[in-house]
Amino acid sequence: MHARDLARPCATVHADAPAARAAELLADGEADAVVVVSHGGHPLACLDAREILAGSLPGLVREDELRAAVAGDRFDQDVRENLTSLTVADVLPRPRRAPAVVSPHASPLQLASVMTRTGSPVAVVVSYDADDRPHLLGTVTADAVLAHFR
């Protein structure tokens with residue numbers, strides 16, 4: 001078993017894309033995370049739904065869940081507007097973590113090690129051609145790695 005065997009299709013976006021595009025890709029359920037790539041296709045970061053939500057919430061409700069409870073749906077439109085007005089780069093967590101990147105031949109143990117070291121629940125499986133151009137084969141979640149060890 002190798003990383004390529006555990007990988008699921010991944011969605012990619014550029015850092016200058018609207019955050020709403022990343023949210024759409026995740027809401028469709030076809031990918032576990034959105035891989036933020038450079039214009040050359042190199043992985044720069046991974047975003048999951050929780051991180052996109054955190055980046056698009058108005059500050060006062062992000063910092064105080066009691067305010068969020070009292071506000072009800074009053075800020076729903078603000079979140080929608082933030083998703084369309086903010087870029088993917090705007091919602092990336094700070095400080096930005098480098099993505100966990102592995103080769104297609106990485107073992108589940110190597111995946112677990114890289115994910116643990118980087119603190120990332122998702123690893124990006126990337127192969128490089130002779131010209132050093134990346135080919136994103138998919139992502140592997142920590143859940144998938146854990147399932148392998150059951």
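Residues numbered from 1 in each chain as written. Predicted model: local features only at pLDDT ≥ 70, side-chain atom pairs only at ≥ 80, totals over all residues. Heavy atoms only, no water.

### What to know about the sheet that holds strand β1 (residues 11-14)
- Strand order in the open sheet made by the three strands is β1-β2-β3, with mixed pairing throughout. The strands lining the two open edges of the sheet, one partner per strand, are β1 and β3 (43-47). Direction aside, the axes of adjacent strands within the sheet are offset by 30 degrees on average.
- As paired strands, strand β2 (residues 34-37) and β3 are joined by four bridges and run antiparallel to one another. When the bridges of β3 are listed, V36 appears paired with A45.
- On the sheet, helix α2 (residues 19-27) packs against β1, β2 and β3 and is oriented at approximately 175 degrees with respect to β1. (Pairing = 2+ DSSP bridges. Helix = DSSP H or I, 4+ residues; strand = E, 2+ residues; numbered from the N terminus. Axes fitted to C-alpha atoms, helices over the stretch in contact; angles between N-to-C directions. Contact = heavy atoms within 4.5 Å.)

### So, the side chain of T141
- The residue T141 is located in strand β6 (residues 134-141) in this model.
- Judged by its relative accessible area of 16%, T141 is buried.
- Other than its neighbours up to four places away in sequence, T141 contacts D32, M115, P121 and V122. (Buried < 20%, exposed > 50% of the residue type's maximum accessible area, 1.4 Å probe, protein only.)

### Considerations on helix α3 (residues 49-56)
- For α3, the full list of buried residues reads E51, I52 and S56. Looking straight down α3, one finds its buried side chains confined to an arc of 125 degrees; they lie on one side.
- On its buried side, α3 packs onto α2, β3, α6 (76-85) and α7 (88-91).
- The opening residue of α3 is D48, an N-cap whose side-chain oxygen sits 3.2 Å from the backbone nitrogen of R50. (Arc of directions from axis to C-beta. Polar contact = N/O pair within 3.5 Å; in protein donor to acceptor, adjacent residues only side chain to side chain.)

### Notes on the pairing of β1
- Every second residue of β1 is oriented toward a common face, the buried set being A11 and V13 and the non-buried set T12 and H14.
- Where β1 meets β2, four bridges bridge the pair, whose relative direction is parallel. Along β2, the bridge assignment pairs H14 with V37.
- Traced from β1 through α2 to β2, the parallel crossover comes out right-handed. (Right-handed = clockwise from strand over helix to strand, strands pointing away.)

### So, the sheet that holds strand β5 (residues 122-128)
- Ordered by their spatial adjacency, three strands build an open sheet running β4-β5-β6, and the pairing between neighbours is mixed. Across the chains shown, the open sheet's two edge strands, defined by having one partner strand only, are β4 (100-102) and β6. Sheet twist, expressed as the average angle between the axes of neighbouring strands with direction ignored, equals 30 degrees.
- As judged from the seven bridges shared by β5 and β6, these two strands associate in the antiparallel manner. Looking across to β6, one finds that A123 is bridged to V140.
- Packing of helix α8 (residues 108-118) onto the sheet brings it into contact with β4, β5 and β6, and relative to β4 it is tilted by some 160 degrees.

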